[in-house]
Amino acid sequence: MANILPAKTKYRKVQKGRNRGMAKGGDSIDFGDYAIQALERGKCSAAQLEAARVAINRHFKRRGKVWMRVFPQKSVTKKPAETRMGKGKGGVEFWCAIIKPGSVLFEVSGVPASMAREALRLADGKLPFKCRFVVREGVEIL
């Protein structure tokens, strides 16, 4: 499994920060016909995003097109187990995407609505928060 991570960042370790408010951008369907939209806030690791992407592509069997609208660009650090306090911040453990309610995570097109709904349901099962299936305006669901 290829690990998704930024090619280059200004700083290797970042502060935790707070995840507040609704999605400011990336809350509409811009590329595909169907999408999944986050209903809750949270962190989504690169491994979880990759697992969701693979689930969608496996269900499509090389049909349709998939867009991943979020990218894991925040590093999460962790100190080793049974380590005393102090001695600085831990090493980078994994990369994650910060998700706010309303964010569109994946978009798909080129497949029937029933197939898209099932593929995105499988992807939703890989993600650590609730999502909903959304359809772009003007697209008919048969």
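Residues numbered from 1 in each chain as written. Predicted model: local features only at pLDDT ≥ 70, side-chain atom pairs only at ≥ 80, totals over all residues. Heavy atoms only, no water.

Participant: Explain the overall build of the chain to me, and be specific about the residues and the numbers.
Facilitator: Looking only at helices and strands, the chain has two helices and seven strands in total. Shown N-terminal to C-terminal, the secondary structure of the chain runs as helices and strands in the order β-β-α-β-β-β-β-α-β. Principal-axis analysis of the C-alpha atoms gives the chain an extent of 60 × 30 × 25 Å. Within the chain, buried positions represent 36% of all 142 residues. Relative to all contacts within the chain whose residues are 6 or more apart in sequence, the contacts with residues 24 or more apart total 81%. Averaging the locations of the 30 positively and 12 negatively charged side chains of the chain gives two centres separated by 11 Å. (Helix = DSSP H or I, 4+ residues; strand = E, 2+ residues; numbered from the N terminus. Buried < 20%, exposed > 50% of the residue type's maximum accessible area, 1.4 Å probe, protein only. Contact = heavy atoms within 4.5 Å. Lys, Arg positive; Asp, Glu negative; His and termini not counted. Charge placed at Lys NZ, Arg CZ, Asp CG, Glu CD.)

Participant: With reference to specific residues and values, describe the packing of aromatic side chains.
Facilitator: To describe a pair of aromatic rings, one takes the distance between the centres and the angle between the planes. The final tally for this structure, using the stated rule, is two aromatic pairs. Between Phe-31 and Trp-67, the ring centres sit 5.9 Å apart and the planes meet at 20°, which makes this aromatic pair stacked. One end of the pair, Phe-31, is in the segment before strand 1 (34–38); the other, Trp-67, is in strand 3 (residues 65–68), with 36 residues separating them in the sequence. Centroid distance Tyr-34 to Phe-133: 5.8 Å. Interplanar angle 15°. Geometry classified as stacked. Here Tyr-34 is found in strand 1, whereas its partner Phe-133 is found in strand 7 (residues 131–135), with 99 residues between them in sequence. The burial state of Tyr-34 is the same as that of Phe-133; both residues are buried. (Phe/Tyr/Trp six-rings, centres within 6.5 Å; stacked < 30°, edge-to-face > 60°.)

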